[in-house]
Structure formats: C-alpha cells, structure tokens
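Remarks on the overall topology
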Amino acid sequence: MFQPKKKRPRIRRTMSGLIALTLLSSLVFPSVAGAEPAEPSQVQFANVSVQAGQTVHVPVALKKSHFGVKAYNMQIDYDTSALEIVRITPKSVNVISTSPNEDGVADFQYQINNAEGWVRIIWVDFTGGDHSIVDETQLFDMEIKAKSNATPGTKQLSVDQTDSEHWHFTNVEYQSYTELSGGTITITAANSGGDNSGSTPTPNPGNSSGGGGSVSPTTPVVTPVPSTPAVTKGVDIYVNGQKQEQSATATTSTVNNQVTTTVHVDNDKVINQIGSGLKTLLLPITGTGKGAVVGELNGKLVKTMEGSNAEVVIQTDSGTYTLPANQIQVDQILNQFGSTVPLEDITIQIAIVPSATSKQTAIQAAADKLQNTTVVATPVDFEVKAIWNGQQVNVDRFNSYVERSITLPEGVDGSKITTGVVLQPDGSLLHVPTKVIKGNVQDSAIINSLTNSTYALIYHPATFSDVSSHWSRDDVQDLASRLIVQGTGANVFAPDRSITRAEFTAVLLRGLGLHSPRSTEAASFTDVKNGSWYEDEVQTAVSYGLISGYADDSFRPNSEISRAEALTIVSRAMKLVGLAQADASETTSLLSTYSDSAKVQAWAAEPVASVIKQELVQGADGKLMSDADISRAQSAAIVKRLLAKAGLI
C-alpha cells in the first residue's frame, strides 16, 4: 500500500550532507548526465513470500544502467502494522559501511525507523567516479520480518520517485527513465509452509584452511545476484532426535550456476528447547543432489548451545557435518566484529559445498603426479563463516577434531578408498584422518580434521618389496597408502633403519593431519635451518605442543630419536586426540611390569606409561628399551595404533 507523503526528520548532519552530495553529484562527478538514455535504467526489489513471525531477505539490485551509478539515495516506505526492517547490508563491491550512529562520513549509510515505517539508504562514490556501480549488481540486502500478528496477504515496499530526496541516482537525470520494479511481500499464515519467490540465497562459501583454534580477520561480504527465482518452504528439524515441525525454512536458488539450499533455523524456537537439555540439533536436507547446502543460525543460538555442550549436524545427499557449538568460538567472532554487537544479529553459516571445477581440476592434477592414484567421488568443501553488517569472518580452525563425512556415489566400493586428502594452497594433496563406513546402499568416508578446507577421497594402494614378509607389512603399507610414510627408494621402505627426530615428527604430523602451524609464533631452535625440508614440520609441531627441543635451544633434527623421546611426543599427541594419560599411581604399576623400567628417566616416565596404558607399545622380551633407537617400522606401527585407538582411522 503506497503511504501518503509526509515530512520526515533529517537523519543527522552527516546523512544530510550525503543527500546534498547526491543531489549535486552531476556537478561533482564528470558525467554524460545531459545525454538522455535510449532505454530506461532499472532497479529491482525482489518479490518474496514470508510466514508471519519469520524473516525474509529482499535483495535490491541494479539490473540495467547505461552510464554506471556514482551515487544514489532512496527512502523505502512500508506498512508498520505488518512489517519491520531487521537490518540493511550493503553488497556493492566497493562499499565501506557504517552504522547510522557512528561519527564521520563513509560511502554507505542508512537509517531505519520502524515506528514510522521508513528506511533511508544513501551511497556515494567518493573516489571521484572510479568505482561506479554497473549492471547486474546487488546494491544492498534488506532483512525484513513479518510481524507474528500480521494478517495474511500482500504488502508493497514503496518509494516516492517524485521526491528527489527519496529517490535519486546520479547519471539517471531523467526520472521517467528510471524504472523501479518488484517489492511485493506476500505474507502467509504462521506454519503454512508457503513458497517464497525472490529471497536471497546464501552465497557460495569460499575455501579456507589452517591449523587449530582461531577465526580469520573480517572481510567484506560479496553476495552474487541469484540467476533463478528463490523458492522457500517450511522444513522439519530434529532436536535430540525428536522432530520439530516447521522450525526452519529452506530457500533454494541458483547462484553462479550452483544450486544452493539455505536452511534458516527458527532460533527462538530452538533456544526454548535448550532448557530441556538440548544436545543435538539436526538439519536433514535431502533431495539436493550435488547442490550446496548451508545451515544458518544466529550467534545467540550458537552461544546458548555452546553452554549446553550441544552440537549442530548438517545432513545432505553429499555428506554430513557434525560441529560442536563450542568449536564455532562465538566469543572470538564477537571480538572481531566488536563486543557491543548483539549476538542475535550475527549470522552463522555452516556449509557443505561441492568443490568448484577449478579445485576439482587441481586435485586431479595432484593425483596424477602421485601416480597410481584415483580420485573417488566429487571433492567437497566444508566451511563455517560468521556474517554481520556486510562483514565476514571465516571459522577455519578448531581446538579439537571435527567430524565430517562424504557420501560415496551408489556403486562405489568403500574398500577402494585408502584415505581422504586435503588440497593445499600449493596444489599438493595431504592426508587427513579417514575411515570408511559400510552402508546398506551407499558407503561413506568419515574425515576428522582440525581445520576446514577442500577434501577429496583417493585410492592409492602402496606396496614395498622389503616388507612383504616383515612383521610391519600391514601397518607400513596402510600408512603408505594414506600418504603418511614414504619409501626410501624404488619399492623399498627400509623398515629396520633408525628414524631421525625430524623424520619421526613429520610422520606423526602427517598421520594427525596437521599441515600448518596453529599460530604464527616462530620456533627458535639454533639448528633448524631456514629452507630445510623439516622447517615447516618443526614449526607446526612446536605450535601444537608436541616437541620442545633441548636445554641448549637445539632440536637435533638429524639425530636418531630414542624410544623414550618418540613415546613422549606420542603421549603429547594423545592429548590432542582425546586419549587419557596415565596418572601418577598408574605410572608406577604400568612401568613395573618391564624388567628395565628403572632405566626410564624421570622426564619420560609418565609419557611412556601413558602410551603403555593405551596399548600403543608392548615392548619386547619384557623390556621397554627406552634408550634404544626406534625404527621406521616401529614408528609406523605406533602412529597407526594411535590413530586407530582415537577412532580417526
């Protein structure tokens, strides 16, 4: 319904200044404003549907402009009896946004007045016209809520185009040549499950990788305009295994040739369930095939789930993502955006996305270099991001292993997978802990990792002639097929050769899937040379607390490692994978069963006992031989037992 024009108060001095700049933009920016365009320029509001009590995204896009837009202002009116504006998020690539309450002048400003029913948006390119907005660009996104008592029917977002303070685009000097379309909001009864057309899909998440327990700096959010109308319907979710009917909506559309389904959880409904002991929030989204699926919650819900040690599970046709809420690290995200930001205004997106063609090509090229390697199934990206006010934070590192699975296509035998791998920035493939689960119809591969990234499944069988009759054959060949250990020559492993401290560290890190440091703090060993093959491995191991070196600040990377030293490093890794350590009373009893326990030095006693407790070593002939060198075969066996005991392989 078009509202009668009435006098509006000025938002503030800065906003008024921007209005003046906008109105005088034809003088400020050189242009061809005097040339009448041959066809109308077009601005489009999406037409959407929304259930009463729910929110919906309304993208506003520049569909056609002959000269490019260098500034604009508009005031959008709406019916306050049925609608309220939740937020405005700028989407143009060169936007620098500000809160309407901040001081200073920026490119994008807005003011929402839900009492009177209007929102005013102003944007100016202060670079002098170097960053004008061109065709097919989303200007901003409006998140609008239909009030819970709203009467079903249609409401119209309207603009008074006869008032230049309410509607003006530079380089569009002839108002008759500026066409505005759309803006119809269809309100359906609560829990009606009606379709929505035109809602904004969540953008395709990008790749990220890293090494443990942090979030990335904020970056601007760029949301592509959907190429197909969005369709929204009510969906059921599960709380602790119990169906919660119509507690979420699923919006599906196509962006950049990628079908994306975004599940918007009714945060308040789920929060109400937490008081009764919420442990698992399951979002099962099937029927999407190879499409992307994004689960969307707000920061308040995630923080509340964190307090009850709950987890959120996204279940799709291509895989499943099981993420403990405390691994999202809401407090760190809040620090990035600003401690005063309301948690309910932060959107948390958890995504399972088939990898882009460029990544699939890179993975195949890396597999070809490995030789005797087959890529099985379509690679998948698993990602978590937080969005607020046009800014984005990637959550790509965790403090404990997070489980995700990739579902194999029907007819693909899980026994033909040797491991999951992660695509590195340099184009290489590295092992991540993986185990295959047999299913009635389709097998799946369970991947555990401390990071988010692009994951693929490979078949890479490996054999060595000199372990064919060796006690370590199965352990060595299994780890070689997982890219954890390597041979010493053509078809040769040298199982009984001693292993160096650097080599043992590298094997353990590969087994755990730790491929980059969790922090930027540099290790300062006097004998770890820049550019050495083990430099990165040492840095990563130090950052995870696995190694500490000697009192003289050396690491001695090329020295052979003793069994006591190796088992001490393994015991530290046990903490990382969640295996219990031996306490003081257990240490004495566990070591006493070995005839040479007195030779175990005090610094190694508890770590060695911890490894014995978890049955990762048994000794030989009743002896621990803690001072003896450890062999390549023994190293492989211990690392495999560690991963198996932790349930990672």
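Residues numbered from 1 in each chain as written. Predicted model: local features only at pLDDT ≥ 70, side-chain atom pairs only at ≥ 80, totals over all residues. Heavy atoms only, no water.

**Topic: the sheet that holds strand 9 (residues 153-156)**
Taken in spatial order, the three strands of this open sheet run 2-12-9, and their pairing is mixed. Single-partner strands in this sheet number two, and they are strand 2 (48-51) and strand 9. The mean angle between the axes of side-by-side strands here comes to 30°, regardless of whether they run parallel or antiparallel. Strand direction decides the pairing type here: strand 9 and strand 12 (residues 184-188), joined by four bridges, are antiparallel. Looking at the pairing, Gly153 lines up with Ile187 of strand 12. (Pairing = 2+ DSSP bridges. Helix = DSSP H or I, 4+ residues; strand = E, 2+ residues; numbered from the N terminus. Axes fitted to C-alpha atoms, helices over the stretch in contact; angles between N-to-C directions.)

**Notes on the nonpolar core**
Counting 60 residues, the largest nonpolar core has Tyr401, Val485, Leu512, Leu514, Leu546, Val608 and Leu642 as the members making the most contacts within it. At the level of elements, helix 7 (473-481), helix 8 (501-512), helix 9 (535-543), helix 10 (563-577), helix 12 (602-613) and helix 13 (632-645) are the ones that each hand at least two residues to this core. By residue number, the principal contributor to this core is helix 10, which donates nine residues. When near neighbours in sequence (up to four residues on either side) are disregarded, Leu514 contacts Tyr401, Leu450, Leu509, Thr540, Tyr544, Leu546 and Leu576. Membership of the second largest hydrophobic core comes to 52 residues, among which are Ala248, Tyr321, Ile348 and Tyr455. (Core = buried A, V, L, I, M, F, W, Y, C linked by side-chain atoms within 4.5 Å. Buried < 20%, exposed > 50% of the residue type's maximum accessible area, 1.4 Å probe, protein only. Contact = heavy atoms within 4.5 Å.)

**Brief notes about the environment of Ala541**
Among the structural elements, Ala541 can be located in helix 9. The class for Ala541 is buried, based on a relative accessible area of 0%. Sequence separation of Ala541 and Ser516 is 25 residues, and the distance between their C-alpha atoms is 8.9 Å. Ignoring anything within four residues of it in the chain, the contact list for Ala541 reads Thr505, Leu509, Leu546 and Ile547.

**Digging into helix 9**
For helix 9, every residue scored as buried is listed here: Val538, Gln539, Thr540, Ala541 and Ser543. Contacts made by the buried residues of helix 9 are with helix 8. One or two positions beyond helix 9, positive phi appears at Gly545, with a value near 75°.

**Some details on unusual backbone geometry**
Its identity as a non-glycine residue notwithstanding, Glu615 has a phi of 60°, on the positive side. Residue Glu615 is classed as exposed on the basis of its relative accessible area, which comes to 54%. Not every positive phi belongs to a glycine, and Met625 is a case in point at roughly 50°. Checked against the element boundaries, Met625 lands in the loop between helix 12 and helix 13.

**Remarks on the packing of aromatic side chains**
Counting across every chain of the model gives nine aromatic pairs. Here Trp167 and Phe169 contribute two aromatic rings whose centre-to-centre distance is 5.0 Å and whose plane-to-plane angle is 50°, an arrangement assigned as tilted. Comparing Trp167 with Phe169 shows no difference in burial state: the two are buried. With a centroid separation of 5.4 Å and an interplanar angle of 80°, the aromatic rings of Tyr321 and Phe382 are classed as edge-to-face. One end of the pair, Tyr321, is in strand 21 (residues 319-324); the other, Phe382, is in strand 23 (residues 374-388), and 61 residues separate them in sequence. Looking at Phe382, the relative accessible area reads 0%, which means it is buried. An aromatic cluster is defined as three or more aromatic residues linked by ring pairs; in this entry it consists of Tyr72, Trp123, Trp167 and Phe169. It is Arg404 that lies over the ring of Phe382; its NZ or CZ is 5.6 Å from the centre. (Phe/Tyr/Trp six-rings, centres within 6.5 Å; stacked < 30°, edge-to-face > 60°. Lys NZ or Arg CZ within 6 Å of the ring centre and 35° of its normal.)

**Some words on helix 10**
For helix 10, which comprises 15 residues, the first-to-last C-alpha distance of 21 Å matches the rise-based estimate of 21 Å (1.5 Å per residue) to within 8%. Of all 15 residues in helix 10, 13 are buried; the element is thus mostly enclosed. Once helix 10 finishes, Gly578 follows within two positions and takes phi at roughly 85°, a positive value. (Expected span 1.5 Å × (residues − 1).)

**Structural notes on the pairing of strand 27 (residues 429-432)**
The pairing of strand 26 (residues 419-423) with strand 27 spans four bridges and is antiparallel. Paired with Leu423 across the two strands is Leu429, which belongs to strand 27. Between strand 26 and the antiparallel strand that follows it, strand 27, lie five residues; Gly427 among them carries a positive phi value of about 90°.

**Section: the packing of helix 10 against helix 13**
Where helix 10 contacts helix 13, the axes come no closer than 11 Å and their chain directions differ by 20°. On the basis of the axis angle, helix 10 is roughly parallel to helix 13. Considering the relative orientation of helix 10 and helix 13, their crossing is right-handed. Here Arg563, Leu567, Val570, Ala573, Met574 and Val577 of helix 10 come into contact with helix 13, specifically with Gln634, Ile638 and Leu642. A per-class count over the contact of helix 10 with helix 13 returns seven nonpolar, one polar and one charged. (Parallel < 35°, antiparallel > 145°, perpendicular 65-115°, else oblique. Left-handed = near helix turned anticlockwise from the far one by under 90°. Nonpolar A, V, L, I, M, F, W, Y, C, P; charged D, E, K, R; others polar.)

**Notes on the packing of helix 10 against helix 12**
Running from amino to carboxyl end, helix 10 crosses helix 12 at an angle of 65°, the nearest separation of the two axes being 8 Å. The chirality of how helix 10 crosses helix 12 is left-handed. Residues Ala564, Glu565, Leu567, Thr568, Val570, Ser571 and Met574 of helix 10 lie in contact with helix 12, whose contacting residues are Trp603, Ala604, Pro607, Val608, Ser610 and Val611. Class assignment for the residues of the contact of helix 10 with helix 12 results in nine nonpolar, three polar and one charged.

**Focus: the pairing of strand 25 (residues 397-407)**
With four bridges connecting them, strand 21 and strand 25 associate as antiparallel partners. Bridging across to strand 25, Tyr321 finds its partner in Arg404. In this structure, strand 25 lies alongside strand 29 (residues 444-451), joined through seven bridges in antiparallel fashion. Its bridge partner lying in strand 29, Val402 is registered against Ser449.

**A short note on the confidence of the model for the protein**
Across the protein, pLDDT averages 82, with 81% of residues at or above 70. Ranking the elements of the protein by mean pLDDT puts strand 13 (residues 196-197) last with 34 and helix 13 first with 97. Confidence drops under pLDDT 50 across residues 93-106; counting only partners more than four residues distant or on other chains, this segment forms 31 contacts. Counted against residues more than four places away or in other chains, residues 172-176, with its pLDDT under 50, gives 14 contacts. (pLDDT = per-residue confidence, 0-100.)

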